[in-house]
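The lines below spell out each chain.
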Amino acid sequence: MKESDSFYIINREEWKELNKNKKMMLTDIEVEALRSLNDNVSVTDVKEIYLPILEILNKYIKHYHERQCEIKRFLSKPQKKDPYIIGIAGSVAVGKSTLARFLQAMMARAYPDQKVSLITTDGFLFPNEVLKENNILNRKGFPESYDMHRLISFMGDVKSGRRNIEVPLYSHRLYDIVPDEFEVIDQPDILIVEGINVLQLPANEKIFVSDFFDFSFYVDAEPHKIENWYLERFGLLLKTAFKDPSNYYYPYAIGDKKEAFEMARNVWKTINLKNLEEYILPTRFRADMILHKTTEHFIDQLLLKKH
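Residues numbered from 1 in each chain as written. Predicted model: local features only at pLDDT ≥ 70, side-chain atom pairs only at ≥ 80, totals over all residues. Heavy atoms only, no water.

Some points on the overall build of the chain
Short version of the rule: The way it works is that DSSP assigns letters per residue, a run of H or I at least four long becomes a helix, a run of E at least two long becomes a strand, and they are numbered from the N terminus. Burial classes: relative accessible area under 20% of the type maximum marks a residue as buried, over 50% as exposed, and values in between as partly exposed (1.4 Å probe, protein chains only). Throughout, a residue-residue contact means that at least one pair of heavy atoms, one from each residue, lies within 4.5 Å. The charge count treats Lys and Arg as positive and Asp and Glu as negative. His and the chain ends do not count. A single reference atom marks each charge: NZ on Lys, CZ on Arg, CG on Asp, CD on Glu.
When you go through the chain residue by residue, the secondary structure sums to 10 helices and nine strands. Evaluated residue by residue, the chain yields a buried proportion of 47% over its 307 residues. A fraction of 71% describes how many contacts in the chain between residues 6 or more apart in sequence connect residues 24 or more apart. Averaging the positions of the 43 positive and the 46 negative side-chain charges in the chain gives two centres separated by 3 Å.

Written out as structure tokens, the structure reads:
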């Protein structure tokens, strides 16, 4: 089956023409604050790419709530709005976090009377101590390194409207779960869930995390380009880590830079690339929209699933 059989394939020049009347929602300063460490998103990118995406989402959300109302009316159930859940998948360092933060900020502006929350699935990684006990610390990020039962239970709790759900906090500075610290998700109207694993079928579970999604994105790029962005980000992390001995990257920041980058390249090749090829990339066509990037910030093609 060809991509064109399942997706509308739209290049950037066509896509930006969809934004004819929408006014810019974010300032240069806000764009700067939202983008990731080495993801050079501009105001132009927001106007040409993200605003049409927001318009697409608006149509999906509207139809979702209309359908839910009709079904509840038919079943004589209370007319309570169910949360709309958006998933964002893709490789490490491909720009998922930037997309998630921009969507949260823009949707909060577009729906000022609704609560728009964001979580990453990093919080559902097993603590390093557990990974060491199971001899899988070197497979951190692979499916078995996540507490998928807890993640799926969380998704069910959000959909059912449970209040004050605690989500473990993950620190990239510590490279570990932060003990006894949580983020609280309290009945969001819209929830954005970002993570490398959100479109995968978890082991020993009967359902996908994505079964709870109402719309999903996959951020795509050529692996060799993602490797370059990963190494660029690693270099930027080293520039700040040398000031903090508690930082996971501190030993690399104060040590030999050549050895540090050799380590990073090995991590990419043996862990991140392997995870991408075996577990992440095969889920790409489960997404409702695929964003294809040619540089760390430039999206040149969008694929929207035909429903």
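Still more ground to cover, so stick around.
Details of the sheet that holds strand β2 (residues 84-90)
To keep things clear, this is the line we draw: Paired strands, in this sense, are two strands between which DSSP finds at least two bridges. Only C-alpha atoms enter the line fits that serve as axes; for helices the fit covers just the stretch in contact. Angles between N-to-C directions range over 0 to 180 degrees.
Strand order in the open sheet formed by seven strands is β1-β9-β8-β7-β2-β6-β3, with mixed pairing between adjacent strands. Two strands in the sheet have a free side with no partner beyond their single neighbour: β1 (7-11) and β3 (116-120). Along the sheet, successive strands turn relative to each other by an average axial angle of 15 degrees, direction set aside. In this structure, β2 lies alongside strand β7 (residues 215-220), joined through five bridges in parallel fashion. Note that in β7 the partner of Ile86 across the bridge is Phe215.

Comments concerning the nonpolar core
As a reminder, the rule being used: The definition of a nonpolar core used throughout is a set of buried Ala, Val, Leu, Ile, Met, Phe, Trp, Tyr and Cys residues joined through side-chain atoms within 4.5 Å.
If you look at the biggest cluster of nonpolar residues, it comprises 87 residues, and the most contacted ones within it are Ile53, Met107, Phe154, Met155, Phe217 and Met289. Ranked by residue count, the leading element in this core is helix α4 (residues 43-75), at 10 residues. In this structure, Phe217 is in contact with Ile53, Leu57, Ile86, Gly87, Ile88, Ala89, Leu99, Leu103, Leu199, Ala287, Met289 and Leu291, ignoring residues within four places of it in sequence.

Notes on the pattern of salt bridges
Quick note on the threshold: Here a salt bridge means any side-chain nitrogen of Lys or Arg lying within 4 Å of a carboxyl oxygen belonging to Asp or Glu.
Applying the stated criterion across every chain, the model contains 14 salt bridges. One salt bridge in this structure joins Lys59 and Glu55, with 3.7 Å as the shortest N-O distance. Highlighted residues: Lys59 and Glu55, both in helix α4, separated by four residues, approximately one helical turn. A residue is classified by how much of its surface remains accessible, and Lys59, at 44% relative accessible area, is partly exposed. Residues Asp220 and Arg284 are paired through a salt bridge, measuring 2.9 Å at the closest nitrogen-oxygen approach. Placement of Asp220 in strand β7 and of Arg284 in the loop between α10 (257-280) and β8 (289-293) is noted, with a sequence separation of 64 residues between them.

What to know about a nonpolar patch on the surface
The condition is simple: Every patch collects residues that have over 30% relative accessible area and no salt bridge, joining them within 9 Å if they carry like charges and within 5 Å if they are nonpolar side chains (Val, Leu, Ile, Met, Phe, Trp, Tyr). Each accessible area is a Shrake-Rupley estimate made with a 1.4 Å probe; only the visible protein chains count as cover when residues are assessed.
Among the surface-exposed residues, Ile71, Phe74 and Leu75 lie close enough to one another that they form a single nonpolar patch of about 350 Å² accessible area. The topology assignment puts Ile71 in helix α4. A residue is classified by how much of its surface remains accessible, and Ile71, at 41% relative accessible area, is partly exposed.

Quick notes on the environment of Glu183
With respect to the helices and strands, the residue Glu183 is situated in strand β5 (residues 176-185). Accessibility expressed as a relative area gives 31% for Glu183, which makes it partly exposed. Put simply, Glu183 and Ile119 are 64 residues apart on the chain and 8.6 Å apart in space, counted from C-alpha to C-alpha. If sequence neighbours within four positions are ignored, Glu183 has contacts with Leu118, Ile119, Ile165, Glu166, Val167 and Leu169.

Digging into the pairing of strand β4 (residues 165-171)
The buried fraction of β4 is high, at five of seven residues. Pairing of β4 with β5, which is carried by six bridges, proceeds in the antiparallel orientation. Bridge assignment links Pro168 to a residue of β5, and that residue is Phe182. If you look at the hairpin formed by β4 and β5, you'll find four residues sitting between the two strands, and Tyr175 has a positive phi there, around 60 degrees.

Digging into the side chain of Asn272
Note that Asn272 resides in helix α10. A relative accessible area of 12% places Asn272 in the buried class.

Some remarks on the environment of Val31
Structurally, Val31 is set in helix α3 (residues 28-34). Expressed as a C-alpha distance, the spacing of Val31 and Asp45, which sit 14 residues apart in the sequence, is 9.9 Å.

What about the packing of aromatic side chains?
Here is the rule: In this analysis, rings of Phe, Tyr and Trp, with Trp reduced to its six-membered ring, are considered paired at centre separations within 6.5 Å, and the interplanar angle assigns stacked below 30 degrees, edge-to-face beyond 60, and tilted for intermediate values.
Under the counting rule described, the total for this entry stands at 13 aromatic pairs. Where Tyr50 meets Phe102, the ring centres are 5.2 Å apart and the plane angle is 10 degrees; that geometry is what we call stacked. You can see Tyr50 sitting in helix α4 and its partner Phe102 sitting in helix α5 (residues 96-110), a full 52 residues away along the chain. Comparing Tyr50 with Phe102 shows no difference in burial state: the two are buried.

Overview of the packing of α4 against α5
Condition: In this scheme, a crossing is called left-handed if the near helix is turned counterclockwise away from the far one by less than a right angle; it is called right-handed if the turn is clockwise. Gly is placed with the polar residues, together with every amino acid not listed as nonpolar (Ala, Val, Leu, Ile, Met, Phe, Trp, Tyr, Cys and Pro) or charged (Asp, Glu, Lys and Arg).
Contact pair α4 / α5: the axes reach a minimum separation of 11 Å and the direction vectors enclose 65 degrees. In this structure, α4 crosses over α5, and the sense of that crossing is right-handed. Along the contact surface, α4 presents Val46, Tyr50, Leu51, Ile53, Leu54, Leu57 and Ile61, while α5 presents Thr98, Leu99, Phe102, Leu103, Met106, Met107 and Ala110. Per-class residue counts for the contact of α4 with α5 are 13 nonpolar, one polar and no charged.

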